[in-house]
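Coordinate analysis (summary)
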Amino acid sequence: MKKKITIVVALVVLIAAVVSSLFIISFTKKADMIPVLTYHRLLLEGENKLYKNQPDVLSVEAFEKQMKWLHDNGYHTMTIHELDQFLNEKKEFPAKTVMIQFDDGRRDVKRYAYSILKKYDLHAIENIITSRTNRNDGPWDPDKHQFMKMNDIKDTLGVFELGAHTDNLHNLGEEGKGDMLKKSDEEILKDLKLNRNLLNQTELFVYPFGHYTSHTADLVKEAGFKYAFTTKTGYVSQNDDPYQLARQGIGPKVTIKDFENISEVNSFKNKAKRFVKHITN
């Protein structure tokens, strides 16, 4: 009799272990939220003389450590098409999924980011201010704000794909308002359509300075964009408004441990915390 009880107990424990394992696998295998890792400018530590305290200037060395960590830990970097599948088709993606974006179209994207991303077989989006591709910025100078020309941008395709950041509305007035809040509807629409046309009809847009209203979001939609990113800190979830998507700014104050925590939003530990918070609220 005792032997039978022992066998039954062992079977119950085994079944419970299998069920628990299946639950954990199911719970952790897919991404509920996507971290959109956002960068602006990269400079080598030794050449950065003027921008050491700038929140949007990261060292090349730190960037490479971050990309190596993503590669070594098996992360998938999401494309714009996959973003569409995630948001509109509710397609599942691996828990280890991130999106990488670079704003503005600065020359250091080609000089530094391109080769590092290619080295680690990662993908990213470069959000281009198209009017600045016509500037004559001269030879490389880390002390200046320099932007890629269209030929430079074409050289990065394959590793990068194109996102939009307006043609010529990335300007901040003395009152702290960007052009997206000041210009007429006609001026904004004209600019957005030109920006999109010059970038192979991309469907992804980023608001300059994060400035937008529900009305300007409607103009972005009217111009043909399907997704728009803000400067709000957060993650992209499947129920989000596609014209108010959040991102994670990665600057010099983000340590490698911070970076890992941001990227691991879909880990079992973090999902469990959110689950417990949900059921206790």
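Calculation notes
Residues numbered from 1 in each chain as written. Predicted model: local features only at pLDDT ≥ 70, side-chain atom pairs only at ≥ 80, totals over all residues. Heavy atoms only, no water. Helix = DSSP H or I, 4+ residues; strand = E, 2+ residues; numbered from the N terminus. Buried < 20%, exposed > 50% of the residue type's maximum accessible area, 1.4 Å probe, protein only. Areas by Shrake-Rupley, 256 points an atom, 1.4 Å probe, with all protein chains shown as cover. pLDDT = per-residue confidence, 0-100. Contact = heavy atoms within 4.5 Å. Salt bridge = Lys/Arg side-chain N within 4 Å of Asp/Glu carboxyl O. Phe/Tyr/Trp six-rings, centres within 6.5 Å; stacked < 30°, edge-to-face > 60°. Axes fitted to C-alpha atoms, helices over the stretch in contact; angles between N-to-C directions. Parallel < 35°, antiparallel > 145°, perpendicular 65-115°, else oblique. Left-handed = near helix turned anticlockwise from the far one by under 90°. Nonpolar A, V, L, I, M, F, W, Y, C, P; charged D, E, K, R; others polar.

1. Side note on the overall build of the protein chain
In terms of helices and strands, the protein chain carries 10 helices and 12 strands. Within the protein chain, buried positions represent 48% of all 281 residues. Surface accessibility of the protein chain: about 14,700 Å² in total, with carbon and sulfur atoms responsible for 55%.

2. A short note on the confidence of the model for the protein chain
For residues with low pLDDT, the predicted coordinates do not support detailed interpretation. The share of residues in the protein chain with pLDDT of 70 or more is 86%, and the mean pLDDT across the chain is 91. Considering only residues more than four positions removed or in separate chains, one finds that residues 12–27, a stretch of pLDDT under 50, has 5 contacts.

3. Here's the deal with the environment of E61
Residue position: E61 is located in helix α2 (residues 60–72). C-alpha of E61 to C-alpha of E45: the two residues are 16 residues apart in sequence and 7.3 Å apart in space. Excluding residues within four positions of it along the chain, E61 makes contact with L43, L44 and E45.

4. A word on the pattern of salt bridges
Enumeration according to the criterion identifies 12 salt bridges in this entry. Taking the shortest distance from any N to any O, the salt bridge between D104 and R106 comes out at 3.5 Å. Of the residues examined, D104 reaches a relative accessible area of 4% and is grouped as buried. You can call R106 buried: its relative accessible area is 8%. Residue E175 is joined to K182 by a salt bridge in which the shortest nitrogen-to-oxygen separation is 3.5 Å. It is possible to trace a salt-bridge network through shared partners that takes in K110, D152 and D155.

5. Section: the packing of aromatic side chains
By the definition in use, this model includes 11 aromatic pairs. Ring geometry for Y39 and F63: centres 5.0 Å apart, planes at 85°, overall edge-to-face. Taken together, the residues span a long stretch of sequence, with Y39 in strand β2 (residues 36–39) and F63 in helix α2 at a distance of 24 residues. Each of the two residues, Y39 as well as F63, counts as buried.

6. Some words on the side chain of Q85
Its location among the elements puts Q85 in helix α3 (residues 80–88). Sequence-distant contacts of Q85, that is, excluding residues within four places in its chain, are made with K90, K91 and F93.

7. Structural notes on the packing of α2 against helix α9 (residues 256–263)
Relative to each other, α2 and α9 sit at 40°, their axes nearing to 10 Å. Regarding the angle of α2 to α9, the classification is oblique. Here the hand of the crossing between α2 and α9 comes out right-handed. Contacts between α2 and α9 involve K65, Q66, M67, W69 and L70 from the first element and I256, F259, E260 and S263 from the second. Taken together, the residues that form the contact of α2 with α9 break down as 5 nonpolar, 2 polar and 2 charged.

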